[in-house]
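Architecture at a glance
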Amino acid sequence: MFASAFDGIKNLLIGLGVTFKNMTTEPETFQYPEVKRDMPSRYRGRHFLNRDENGLEKCVGCSLCSINCPVGCIHVVAAENTEENRVSPGERYAAVYEINILRCIYCGYCEEACPVDAVVLRDHYELADYDRDTFVLQKDDLLKYPEPNQFRVNYLGNTSKV
Ligand code: SF4
Ligand code: SF4
């Protein structure tokens, strides 16, 4: 009986401790949309496609991102690079690269599977729109923002702007 009474008092004090701690802590209120929150480095938001230091698209159209996507929301069609039309440093490039971000679950598997760090998920979280078609991102959309859109992925899978 004493043990359960002691546990009850202990839990009550822990609960009160949390309450008092929050009473003395400044509230974290952001004046959104004027003030945007800095997202944690591991946050996975909107996708982007990287370019290399020469301005070529890093994506080599291998479709590993698409194969590893658990919901099948990436569509890649590869084409051969030629001397007259070199788009990526590899043999092939993505002639079509689409992501349906309405189906995406932001798991980051595509980013992990990519052998050349071409596709990355960044901290862009303002994705709302009125038109469903805008949620199927085309390659041009993915290559656009931010400029220069070059990121590196560290051994933990975190991306950071180069
Ligand atoms: S984050 Fe996950 S669900 Fe979204 S495109 Fe990449 S692999 Fe597919
Ligand atoms: S983004 Fe990466 S994994 Fe996907 S097709 Fe391009 S090179 Fe391959």
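Residues numbered from 1 in each chain as written. Chains lettered and ligands numbered in written order. Predicted model: local features only at pLDDT ≥ 70, side-chain atom pairs only at ≥ 80, totals over all residues.

So, the overall build of the protein chain
The number of helices and strands found in the protein chain is four helices and seven strands. A compact globule built from 162 residues should have a C-alpha radius of gyration of about 15 Å, whereas the protein chain, at 23 Å, is more than 25% larger. Expressed as a percentage of its 162 residues, the buried residues of the protein chain come to 22%. Within the protein chain, contacts between residues at least 6 apart in sequence are counted, and of these 69% link residues at least 24 apart. (Helix = DSSP H or I, 4+ residues; strand = E, 2+ residues; numbered from the N terminus. Rg over C-alpha atoms; globule rule 2.2 N^0.38 Å. Buried ≥ 20, exposed ≤ 12 C-beta atoms within 10 Å, placed from the backbone. Contact = placed C-beta atoms within 7 Å.)

With respect to the sheet that holds strand β5 (residues 136-137)
In spatial order, the strands read β2-β3-β5; together these three strands make up an open sheet with antiparallel pairing. Lying at the two open borders of the sheet, with one neighbouring strand each, are β2 (74-80) and β5. One ladder, built from two bridges, connects strand β3 (residues 92-100) with β5; its direction is antiparallel. Note on β5: the bridge partner recorded for Ile99 is Leu137. (Pairing = 2+ DSSP bridges.)

Topic: the site of ligand 1
Near ligand 1 lie 13 residues; those nearest to it are Cys69, Cys104, Cys107, Tyr109 and Cys110. In terms of residue class, the shell around ligand 1 is built from 12 nonpolar, one polar and no charged. (Near = placed C-beta within 6 Å. Nonpolar A, V, L, I, M, F, W, Y, C, P; charged D, E, K, R; others polar.)

Structural notes on the site of ligand 2
Inspection of the region around ligand 2 gives 14 residues, with Cys59, Cys62, Cys65, Cys114 and Ala118 positioned closest. Residues of the shell around ligand 2, tallied by class, amount to 12 nonpolar, two polar and no charged.

Digging into helix α1 (residues 2-23)
Think of an α-helix as 3.6 residues a turn; residues three or four steps apart then line up on the same face. When the terminal C-alpha atoms of α1 are compared, their 31 Å separation across 22 residues agrees well with the 32 Å that a helix rising 1.5 Å per residue should span. The buried fraction of α1 is low, at zero of 22 residues. (Expected span 1.5 Å × (residues − 1).)

Details of the nonpolar core
As a rule of thumb, nonpolar side chains are buried together in soluble globular proteins. The biggest cluster of nonpolar side chains holds 22 residues, and the ones touching the most others in it are Leu49, Cys59, Cys65 and Val119. If you list the elements that add at least two residues to this core, you get β1 (47-49), α2 (64-68), β2, β3 and β4 (119-121). When residues of this core are assigned to their parent elements, the largest contribution, four residues, is made by β3. Leave out the neighbours within four places in its chain, and Val119 touches His47, Leu49, Cys59, Cys65, Cys110, Glu111 and Cys114. (Core = buried A, V, L, I, M, F, W, Y, C linked by C-beta atoms within 7 Å.)

Some details on the environment of Cys62
Mapped onto the fold, Cys62 is located in the loop between β1 and α2. For Cys62, a count of 19 C-beta atoms within 10 Å corresponds to the partly exposed category. Residues Cys62 and Arg92 lie 30 residues apart in sequence; the distance between their C-alpha atoms is 7.9 Å.

Some points on unusual backbone geometry
Across the junction of Tyr32 and Pro33, the peptide omega takes the value 10°, indicating a cis bond. Residue position: Pro33 is located in the loop between α1 and β1. Backbone geometry places Ser63, a non-glycine residue, at a positive phi of 70°. With 19 C-beta atoms packed within 10 Å, Ser63 lands in the partly exposed category.

Focus on the pairing of β3
Bridge analysis of β2 against β3 gives seven bridges, and the strand direction is antiparallel. Paired with His75 across the two strands is Glu98, which belongs to β3.

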